[in-house]
Amino acid sequence: LANLTMIPGLIYFVVVAETDFYLHLKAFLNSIGRDIYKTIQERKYKLIARMKEGVREQSIFQGVMTVVFLIIAPVISASLFGGTLDAHILRLTLVAVFFQLLFLTLMTLLFYFELYRSTALSAFIYFLVNLSGSLLTLLVPGRAFFGVSYIAAGVSASFAAGAFLFSASRSFERLILGRYT
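Here we summarise the structure given alongside this text. (Residues numbered from 1 in each chain as written. Predicted model: local features only at pLDDT ≥ 70, side-chain atom pairs only at ≥ 80, totals over all residues. Heavy atoms only, no water.)

1. As for the packing of helix 2 (residues 37–81) against helix 3 (residues 87–112)
Here is the rule we go by: Axis definition: a line fit to C-alpha positions, over the contact stretch in the case of helices; interaxial angles, taken between N-to-C directions, run 0 to 180 degrees. Helix and strand labels come from DSSP, where a helix needs a run of H or I of at least four residues and a strand needs a run of E of at least two; each type is numbered from the N terminus. By the definition adopted for this analysis, an angle is roughly parallel if under 35 degrees, roughly antiparallel if over 145, roughly perpendicular if from 65 to 115, and oblique otherwise. Should the near helix be turned anticlockwise from the far one by less than a right angle, the crossing is termed left-handed; should it be turned clockwise, right-handed.
Two elements in contact, helix 2 and helix 3, have axes separated by 9 Å at closest approach and are oriented at 165 degrees. Taken together, the axes of helix 2 and helix 3 are roughly antiparallel relative to one another. The element helix 2 and its partner helix 3 pack so that their crossing is right-handed.

Dropping the structure here:
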């Protein structure tokens, strides 16, 4: 159920953020082979700014959706599941879905720049943190940490993917020129 709350954020990403990002990426890529260094840098900085704005706008949009569902989680549990779904676990999962969407967005942007190692490492961090947290939940008797590993994986992998993406953004033109010349 909580994963369905990701749909508005995915739609926002595809229709607004990714489309606008692509237009800036295309202008930047076209400038690399034919424009002067100053123009390339200007387009790169516009691309980076738009990329950050897109991630921020999508996060705000998805954040509002998440907060709305956090507020109505007990009502959802009662009306759709007869109170059998723990509202606390639903809330944890809703927060985790927010970070999963952020992670997926950052991974998509990493793919645009063919930063495959960074993408793989981010995905491995997600897997490792989620696995470790899940195993901890099984090994610690009497403590229910359901959903915590999902949140921790999303937060840590999003942080890693963002760090990889934005640190590489300083040298996008060199990355691209190095691959295709």
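2. Digging into the nonpolar core
Inside soluble globular proteins, nonpolar side chains tend to come together where they are buried. Here is the rule: Put simply, a nonpolar core is a bunch of buried Ala, Val, Leu, Ile, Met, Phe, Trp, Tyr and Cys residues held in one set by side-chain atoms that sit within 4.5 Å of each other. We call a residue buried when its accessible area falls under 20% of the maximum for its residue type, exposed when it is over 50%, and partly exposed in between, using a 1.4 Å probe and counting protein chains only. Contacts: residue pairs with any heavy atoms within 4.5 Å of one another.
Counting 37 residues, the largest nonpolar core has Phe21, Phe28, Leu47, Met51, Phe113, Leu165 and Phe172 as its most contacted members. Broken down by secondary-structure element, the contributors of at least two residues to this core are helix 1 (7–32), helix 2, helix 3, helix 5 (148–168) and helix 6 (172–180). Of the residues forming this core, the biggest block, 12 residues, is contributed by helix 3. Apart from residues lying up to four places away in sequence, leucine 47 is in contact with Phe21, His24, Leu25, Phe28, Phe113 and Phe172.

3. Considering unusual backbone geometry
Generally, phi is negative for residues other than glycine and the peptide bonds are trans, each holding for most cases. A positive phi is found at glutamate 114, a non-glycine position, where the angle reads about 55 degrees. Examined against the element boundaries, glutamate 114 turns out to sit in the loop between helix 3 and helix 4 (116–139).

4. What to know about the side chain of serine 149
Along the chain, serine 149 falls in helix 5. By relative accessible area, which is 9% here, serine 149 ends up buried. Look past the residues within four positions of serine 149 in its chain and what remains in contact with it is Val129, Asn130, Gly133 and Ser134.

5. Here we look at helix 3
Threshold: The span one expects for a helix is its residue count, reduced by one, times 1.5 Å.
Relative to the 38 Å expected for 26 residues at 1.5 Å per residue, helix 3 spans 38 Å between its end C-alpha atoms, a close match to the ideal helical length. Immediately downstream of helix 3, the backbone of glutamate 114 shows phi near 55 degrees, a positive value.

6. A few points about the packing of aromatic side chains
Stated formally: Side-chain rings of Phe, Tyr and Trp, where Trp is taken by its six-membered ring, are said to pair if the distance between their centres is within 6.5 Å; with planes under 30 degrees apart they count as stacked, over 60 as edge-to-face, and otherwise as tilted.
In total, this model carries 6 aromatic pairs according to the counting rule given. Here the aromatic rings of phenylalanine 21 and tyrosine 112 are separated by 5.1 Å at their centres, their planes lie at 65 degrees, and the arrangement is edge-to-face. Here the residue phenylalanine 21 occupies a position in helix 1, and tyrosine 112 occupies one in helix 3, the gap between them amounting to 91 residues. Of the residues examined, tyrosine 112 reaches a relative accessible area of 28% and is grouped as partly exposed.

7. Brief notes about the pattern of salt bridges
When the charged atoms of two side chains with opposite charge come close together, those side chains can pair. The cut-off we apply is this: A pair is scored as a salt bridge if a Lys or Arg side-chain nitrogen falls within 4 Å of a carboxyl oxygen belonging to Asp or Glu.
Tallied over the full model, the rule gives 5 salt bridges. Across the pair aspartate 35 and arginine 43 runs a salt bridge whose closest N-O atoms are separated by 3.2 Å. Among the residues examined, arginine 43 registers a relative accessible area of 32% and is labelled partly exposed. Two residues, glutamate 42 and lysine 38, come together in a salt bridge whose shortest N-O distance is 3.9 Å. One end of the pair is glutamate 42 and the other is lysine 38, both in helix 2 and 4 residues apart, which spans about a single turn. The exposure class of glutamate 42 is partly exposed, given its relative accessible area of 40%. Through salt bridges with shared partners, a single network forms among Asp20, Arg50, Glu53 and Glu57.

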